[in-house]
Amino acid sequence: LDCPTDDPMEFLRSAVNFTEENLYGSLTATILIDDKTMKNYSDELDRLIVQMKHGIVGVNIYPLYAITYAQLIWGAFPGKTDSGSGFIGNSFLYKDPQKAVLRVPFNWLG
């Protein structure tokens with residue numbers, strides 16, 4: 001990954017772009033980010049997560065945990081069928097959910 005900057009969000013944007021252009025699948029993605037950076041760039045991180053075309057995004061947590069919560073969805077991003085179509089879960093019956101996002105502190109031991 002070529003990212004000639006020390007800006008952590010620029011690196012993260014480059015990493016997300018790389019994955020979306022070069023890797024197969026749209027089911028899950030994981031972001032590992034320290035708590036200080038997450039706090040300092042919270043709005044920008046939120047915007048980036050919204051733009052990601054993955055059905056489940058885990059921030060400092062393995063996205064597979066989403067399947068254990070009936071309230072969350074488990075499935076590929078809508079319209080991207082490379083990881084299947086449709087989803088399970090959504091026990092709160094949200095209308096047209098796009099993704100589930102799990103977020104924990106960097107040092108969370110689950």
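Provided above is the structure to which this section pertains.
Residues numbered from 1 in each chain as written. Predicted model: local features only at pLDDT ≥ 70, side-chain atom pairs only at ≥ 80, totals over all residues. Heavy atoms only, no water.

> Looking at this structure, how should I read the pairing of strand 2 (residues 56-59)?
For a regular strand, the rule is simple: side chains alternate between the two faces of the sheet. Burial along strand 2 is two-sided: Ile56 and Gly58 and Val57 and Val59, pointing in opposite directions, are all buried. Two strands pair when backbone bridges link them, and strand 1 (residues 28-31) and strand 2 are joined in this way by four bridges, in the parallel orientation. Across the sheet, residue Ile31 finds its bridge partner in strand 2, namely Val59. Sheet topology note: the strand 2/strand 5 (residues 100-103) ladder contains four bridges and is parallel. Paired with Val57 across the two strands is Val101, which belongs to strand 5. (Buried < 20%, exposed > 50% of the residue type's maximum accessible area, 1.4 Å probe, protein only. Helix = DSSP H or I, 4+ residues; strand = E, 2+ residues; numbered from the N terminus. Pairing = 2+ DSSP bridges.)

> Could you clarify how one ought to interpret unusual backbone geometry in this entry?
Excluding glycine, residues mostly carry a negative phi; peptide bonds, for their part, are mostly trans. The phi torsion at Leu93 lies on the positive side, around 60°, for a residue other than glycine. Tracing the sequence through the fold places Leu93 in the loop between strand 4 (87-89) and strand 5.

> What am I meant to see in the packing of aromatic side chains here?
Following the criterion strictly, the structure yields one aromatic pair and no others. Seen in terms of ring centroids, Phe92 and Tyr94 are 6.0 Å apart; in terms of plane orientation they differ by 85°. Their pairing is edge-to-face. (Phe/Tyr/Trp six-rings, centres within 6.5 Å; stacked < 30°, edge-to-face > 60°.)

> For this particular structure, what's the right way to read a nonpolar patch on the surface?
The grouping of Tyr62, Leu64, Tyr65, Ile67, Tyr69, Ile88 and Trp108 at the surface amounts to a nonpolar patch, some 710 Å² of accessible area in total. Note that Ile67 resides in the loop between strand 2 and strand 3 (73-75). (Patch = residues over 30% accessible without salt bridge, like charges linked within 9 Å, V, L, I, M, F, W, Y side chains within 5 Å. Areas by Shrake-Rupley, 256 points an atom, 1.4 Å probe, with all protein chains shown as cover. Salt bridge = Lys/Arg side-chain N within 4 Å of Asp/Glu carboxyl O.)

> Just to check I follow, could you spell out helix 3 (residues 42-51) for this structure?
The α-helix advances 3.6 residues per turn, and as a result positions three or four apart in sequence lie on the same side. Within helix 3 the residues assigned to the buried category are Leu45, Leu48 and Ile49. The buried residues of helix 3 occupy an angular sector of 100° when projected down its axis, which confines them to one face. What points out from helix 3, more than 90 degrees from its buried face, is the exposed set Asp43, Arg47, Val50 and Gln51. Against helix 1 (8-22), strand 1, helix 2 (35-40), strand 2 and strand 5 lie the buried residues of helix 3. (Arc of directions from axis to C-beta. Contact = heavy atoms within 4.5 Å.)

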